[in-house]
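# Analysis of the macromolecular model
The chain contents come next:
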Amino acid sequence: MRISEHADRSEKLVGLRAEDIHKWIDDLFDAEGFDQLLRLGRSPDYDPYDHRKFRHCQEAIKDACDEFAGKYTPEQVRAVFECHIRDDYDGYLPHREDFENGTFTEKYHDSEEQAKAERILNPAELSEYFKGQAYSQHQLHAKRLGTGFRLRIILPTLATIVLFVTSVFAFVIPAFRSTMLDGKKTMVRELTSAAVSVVESYAQQEQQGKLSKNKAQELAAAKVRAMRYGAKGKDYFWITDMHPMMVMHPYRPDLVGADLESYTDTKGQGGKKLFVEAVHIVRKQGAGYMEYLWQWKDDPSRTGPKLSYVRGVPSWGWIIGTGIYLDDVQTEIDRLTRNLSTLFILIGAALAIMLLSVVLQSRKISEERISAQMGLHEAKERYRALVDASKEGYILDIEGECIYSNRTLQRMLGLSAEELAARKVWDLLVPGAPANESAREHLMKLSDGEARASSFPAQLAAGSGGVVDVMVSISKIFFSQKNGHVISFRLVRRTRVRSLLESFVDASSQREEGAGVLKELEESKSVGQIVETLNRLSLLVREMADQGVRPGLLRHTIGETFDASVASLMKMALKEVGKAPVPFAFLALGSNARHEMTMFSDQDNALVFADVSPGKKEDVTKYFLELSDHVCSNLNEVGYPYCPGGIMAVNPQWCMPLSAWKSRFGEWVNNATPKSILEFNVFFDIHCIYGEQEIADALTEHIHDLTEDNTTFFMHFSRNCLLYKAPLDLLSKRRVDKKRTAKKRAEQEENPGTINIKECLKPVEIFVRVHALKHRVIERSTLGRLMKLGEMGALPQGIIDESVYIFNYLWRMRFYNQLLSHADLKQVNDSFDLGMLTEVERQNLHNVLSRLRVLQQKLCSEFLGMPLHMMPSE
């Protein structure tokens, strides 16, 4: 829809036109590229709708409210925004992650016919279909057909009728008029010749001496005067001489004997000297046609256009002429046109009825075809969604050829769908592995159709060269009249039983193994290889945790792995989009920057690039948004999910030149509010993963300059730390509730409650962040900052030691909670079930969390000038 159409809709639905909001929503659309798409067709490397993930999603509502703050209320912005997006997506309000879904983009972008088709099945019918029950065609009525039907059936039908009618009125009738006029011209020519013959007979008698010249001319003129023709006998002949002078005219006796040299067919100047023209025609060619205006037959009050034929009589110097009134010709043509029109209308009506019957039949056939296609499409997408969501890898094999592989298998092996399709199934096995001898023999029977349904272990070769242990299961199917098989690959995790001595592995050996993983990541050439390497990293980190490796080494391994993954993906992205136009820095933020993340935490990142001239800013920004899109999308692909709050470089709000970043930090610091502090909390932790470190350093230096001696800012920042309350009440319930009834105690034993460990860590992080800002500490990690603050004497050593202990205790607790919740470490779970703790462990956790109040008290005394207990409740 156009901006004006969106504005009309929002004005009608929410009472607000707000064209500026609609323009902002579609502002990143690549119009030039879209024009090229319309001219040349779709390019595999270009998607004109790619901008939509930035602003056509729920996550962009917050950005829109910020953009138009002060002009519209948040409620107005949200109403207009949702109206715009729902109009574009059939009432659906997508999330940013929807744009990474192939079926979503196919539905709304790739096929106009699919986009306009109604849903074939309602939820109840979907359930029946999914269970295998049949459904009738009348349930699949498609209410609207796409442009294909209009182009194939309706347009040719209308074109046939239009061409038929046009041919009649543009060619047949004009051709008939021309033929009739030619016939009339021939008639007057023959009639004039007859009159000339009469005159020549008298001239011959005069030459033979039978009549005098005067008598012969008198008799000849009288004879011609009496000659009539036409439907009512009113068409006549006239005679002039070569002067010209009128010799005879049956209806204009007043002209007889008159000099006609100056006579014109109309009064006043500009009229046609018709008799002079007749003389010229006769002198030049003996006879000919001419057009003029003349009295309507015997009615002197009326004139009309006339076509006459004149011919000379050389012996007497006479000119004889007669003509037809063109109005008579037109009247006859009009009569014929009416008759033909009536006939053609009847023929056209009959043709329209026949074509309408064809259209209706074709529409019915097209509806049934579209219904069948959509039914098949929905069935395919449902089964594909099931297969892709499975934890097992799948291959659909038809006579030894890989027709389809799901994403689980692609991630498991680090191979793309194209790479898997190019190989035989048995070529996926590790060559020469003893465990694969029978597996290879069995799989090679697939192409012959001799393989039976069975299960067996095998070792697959990953794209990076590693080995993946799997259990292979084969099911036989009949597909498209060919023998086929569905082959599943279930990952087998082999656990080696370690002796007590082996469990005390030196940390250096773990670092060496981690270094090998980092090297593989740095040398990765595809996203698939990174996926396969990170799969092995999960096993390595879990193994390190099982051996009791210190939290610091775990955080270091996870953080360095994240940096290496981003760097490799950035190199791949630069190859795709080309060299950067200006220097830039790709920044990790928050826990990503501090290297305090757990495995596969949400990605928080931003991009800052060198300042450019205003004329180049838009093009440069578009380049870095495209670059960031590649990186963030691939990070999501390899296991680091999108940030739910949209704090990513792919968001235009966090992809800006250095000067814009400095202005943004200036707003946060100089106009500090609780909301700005929440954002600042994330963006203060900056780490340049790829690009120019100097740009990141310049931004960090600017932050320190802004906050130096800024007591108002530190006051707001300290208040932010006080927002986080330790859940001590949950941990104290057991002691307090002993006074209650046995029934109440039983209920509490069954549901002891949960706490959010990540929220418990925030007071420590913010406490350290505030002091790091105050003392211009540039260390990135929380513990690194504490060590630096201790060296500077900025904090008492007791506070530092307690802070280190609290942080390590809670971080370790968070990490092991993830281990217990998700063995593959690919999901983050910060909700900790207190029912897992013993009484001693609960007491220890209570003691740790209660010390958070000491840190908050320190901030109150130093930056707010009052004890914590006197602070007003938030």
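Note that the structure is a prediction, hence the values are computed from the model and not measured. (Residues numbered from 1 in each chain as written. Predicted model: local features only at pLDDT ≥ 70, side-chain atom pairs only at ≥ 80, totals over all residues. Heavy atoms only, no water.)

## So, the packing of helix α19 (residues 527–546) against helix α22 (residues 614–638)
For the pair α19 and α22, the least separation of the axes is 9 Å and the interaxial angle reads 40°. As summarised for this structure, α19 and α22 are arranged oblique, according to the angle between their axes. Judged by the sense of rotation from one axis to the other, the crossing of α19 with α22 is right-handed. Counted together, Val 527, Ile 530, Val 531 and Leu 534 of α19 and Asn 634, Glu 637 and Val 638 of α22 form the full contact between these two elements. In terms of residue class, the contact of α19 with α22 is made up of 5 nonpolar, 1 polar and 1 charged. (Axes fitted to C-alpha atoms, helices over the stretch in contact; angles between N-to-C directions. Helix = DSSP H or I, 4+ residues; strand = E, 2+ residues; numbered from the N terminus. Parallel < 35°, antiparallel > 145°, perpendicular 65-115°, else oblique. Left-handed = near helix turned anticlockwise from the far one by under 90°. Contact = heavy atoms within 4.5 Å. Nonpolar A, V, L, I, M, F, W, Y, C, P; charged D, E, K, R; others polar.)

## As for unusual backbone geometry
The omega angle of the peptide bond from His 243 to Pro 244 is 15°, so this bond is cis rather than trans. Counting through the fold element by element, Pro 244 comes out in the loop between β1 (237–241) and β2 (246–248). At His 595, a position not held by glycine, the phi torsion is positive, near 55°. You can see His 595 is positioned in the loop between α21 (590–594) and β12 (605–609). Residue classification places His 595 among the buried positions, given a relative accessible area of 10%. In this structure, Arg 776 is a non-glycine residue whose phi angle is positive, near 55°. Residue placement: Arg 776 occurs in the loop between α29 (757–774) and α30 (782–792). (Buried < 20%, exposed > 50% of the residue type's maximum accessible area, 1.4 Å probe, protein only.)

## A word on the packing of aromatic side chains
Under the criterion given, the structure shown has 29 aromatic pairs. By the ring-pair criterion, three or more aromatic residues cluster together here, those being Trp 238, Tyr 263, Phe 275, Tyr 292 and Trp 294. In this arrangement the basic side chain of Arg 55 is found over the ring face of Trp 24, its NZ or CZ atom lying 4.2 Å from the centre. Here the basic side chain of Lys 185 rests over the ring of Tyr 289, its NZ or CZ set 4.9 Å away from the ring centre. (Phe/Tyr/Trp six-rings, centres within 6.5 Å; stacked < 30°, edge-to-face > 60°. Lys NZ or Arg CZ within 6 Å of the ring centre and 35° of its normal.)

## Here we look at the pairing of strand β3 (residues 287–296)
Across the 10 residues of β3, 7 count as buried, placing the element largely inside the fold. Here β3 runs beside strand β4 (residues 299–313); their pairing, made up of 10 bridges, is antiparallel. Residue pairing in the sheet places Trp 294 in a bridge with Gly 304 of β4. (Pairing = 2+ DSSP bridges.)

## Details of the nonpolar core
In a soluble, globular protein the nonpolar side chains are often hidden away together inside. Core analysis: the biggest nonpolar cluster contains 122 residues, and Phe 624, Phe 665 and Phe 680 have the highest contact counts within it. Top element by residues in this core is helix α20 (residues 551–577). It accounts for 12 residues. If near-sequence neighbours (up to four positions away) are discounted, Phe 680 is found in contact with Phe 665, Trp 668, Val 669, Ile 703, Thr 707, Phe 713, Phe 717 and Leu 773. Counting residues in hydrophobic clusters, the runner-up holds 27 residues, among them Ala 221, Ile 239, Trp 318 and Val 329. (Core = buried A, V, L, I, M, F, W, Y, C linked by side-chain atoms within 4.5 Å.)

## Let's talk about the pattern of salt bridges
Using the criterion set out here, one finds 27 salt bridges in the structure. Among the ionic pairs, Arg 17 bridges to Glu 19, the shortest N-O distance being 3.0 Å. Classification of Arg 17 as partly exposed rests on a relative accessible area of 27%. A salt bridge links Glu 596 to Arg 594, with the shortest nitrogen-to-oxygen separation between them at 2.7 Å. The pair formed by Glu 596 and Arg 594 is uniform in burial state, with each residue classed as buried. When salt bridges that share partners are traced, they join Arg 594, Glu 596, Asp 685, Glu 765, Arg 769 and Arg 785 into one network. (Salt bridge = Lys/Arg side-chain N within 4 Å of Asp/Glu carboxyl O.)

## Thoughts on the confidence of the model for the protein
Per-residue confidence for the protein averages 79 on the pLDDT scale, and 79% of its residues sit at or above 70. Confidence drops under pLDDT 50 across residues 109–144; counting only partners more than four residues distant or on other chains, this segment forms 58 contacts. Low pLDDT, under 50, characterises residues 495–507; the stretch is placed with 8 contacts to residues that sit more than four places away or in other chains. (pLDDT = per-residue confidence, 0-100.)

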